[in-house]
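# Coordinate inspection notes
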Amino acid sequence: MESQKEARILQQPVARPPGASRSQTPNAKERQEGGPVPAAAALGAEADDDSADGLWELPVEPAKRRPECSRCSRPQKVCLCPFLPAHPLHISTHLYIIQHPAEENKVLRTVPLLAACLPQDKCKVKIGRRFSEERDPELSTVCRKSGTLILYPGAEAANLEEFILDSPVYPSTIIIIDGTWSQAKDIFYKNSLFRHPKQVN
Ligand SMILES: [Zn+2]
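A quick note: this is a predicted structure, and the numbers were derived from the prediction, not measured. (Residues numbered from 1 in each chain as written. Predicted model: local features only at pLDDT ≥ 70, side-chain atom pairs only at ≥ 80, totals over all residues. Heavy atoms only, no water.)

## Side note on the coordination of the zinc ion
Four donors placed tetrahedrally around a metal ideally meet at 109.5 degrees, and six donors placed octahedrally ideally meet at 90 or 180 degrees. For the zinc ion, the full set of protein donor atoms is Cys69 (SG), Cys72 (SG), Cys79 (SG) and Cys81 (SG), and the range of their distances to it is 2.3 to 2.4 Å. One can describe the site at the zinc ion as tetrahedral: its four donor atoms subtend angles covering 103 to 114° at the metal. Read from N- to C-terminus, the donor residues coordinating the zinc ion fall into the pattern C-x2-C-x6-C-x1-C. Judged on exposure class, the residue Cys69 and its partner Cys72 are both buried. (Donors = N, O, S within 2.8 Å, 3.2 Å for Na, K, Ca; no water. Tetrahedral: all angles 85-135°; square planar, octahedral: opposite > 155°, others 65-115°. Buried < 20%, exposed > 50% of the residue type's maximum accessible area, 1.4 Å probe, protein only.)

Laid out in structure tokens, this is it:
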């Protein structure tokens with residue numbers, strides 16, 4: 001379970017980014033206490049005086065996402081890169097992360113953080129719920145390799161640390177499922193591909 005532990009450690013700073021609470025508190029306070037009038041409201045009042053009708057003719061822009069950091073994929077204001085290692089960590093094992101589609105759009109995304117800490121060629125993320133030999137030839141090759149492990153708890157799972165100590169070769173790839181427990185369970189049990197790798201926890 002080492003990798004999972006690491007993922008938990010990475011998750012902790014995400015829950016309470018040190019800058020976030022500081023930058024949000026004053027705004028929340030102002031709103032509660034009826035502080036300064038928001039700029040948008042002031043602009044709105046002005047527009048009414050000129051010609052409010054004109055506003056209807058303005059092109060409608062799709063809602064824009066807040067600017068994101070390209071490395072950690074978090075909004076730039078709460079970028080966690082200063083807390084991440086400056087250089088990718090050296091790891092000998094490849095990580096293959098199977099991500100439930102619902103996990104991709106979550107606010108507290110941990111996979112981009114993990115990926116930001118690892119060399120690009122060592123961390124592959126595949127998004128989806130169903131995988132097959134035909135549609136996912138690369139994943140099925142990985143699953144069938146003898147050096148591939150899948151991190152998923154259960155009666156049949158071996159302890160990862162003990163397994164590595166007993167194994168003559170170091171695992172080449174570890175598959176990790178990213179999602180809630182029920183999403184991970186669904187992905188693990190409904191894809192026969194994941195029966196091939198040795199199960200570890
Ligand atoms: Zn960042």
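## A word on the side chain of Gln183
Within the fold, Gln183 resides in helix 9 (residues 181-190). On the basis of relative accessible area, Gln183 is assigned to the buried category, the value being 16%. Here Gln183 is in contact with His100, Ala102 and Glu103, once residues within four sequence places are set aside. (Helix = DSSP H or I, 4+ residues; strand = E, 2+ residues; numbered from the N terminus. Contact = heavy atoms within 4.5 Å.)

## Concerning the packing of aromatic side chains
Under the definition given, this model contains four aromatic pairs. With a centroid separation of 4.1 Å and 10° between ring planes, the pair formed by Tyr152 and Phe188 is classed as stacked. In this pair, Tyr152 sits in the loop between strand 3 (148-151) and helix 8 (160-166) while Phe188 sits in helix 9, placing the two residues 36 residues apart along the sequence. Here Tyr152 and Phe188 have matching classes, each one buried. With centroids separated by 6.0 Å and ring planes inclined at 90°, the aromatic side chains of Tyr152 and Tyr189 adopt a geometry described as edge-to-face. Of the two residues, Tyr152 sits in the loop between strand 3 and helix 8 while Tyr189 sits in helix 9, which places them 37 residues apart along the sequence. (Phe/Tyr/Trp six-rings, centres within 6.5 Å; stacked < 30°, edge-to-face > 60°.)

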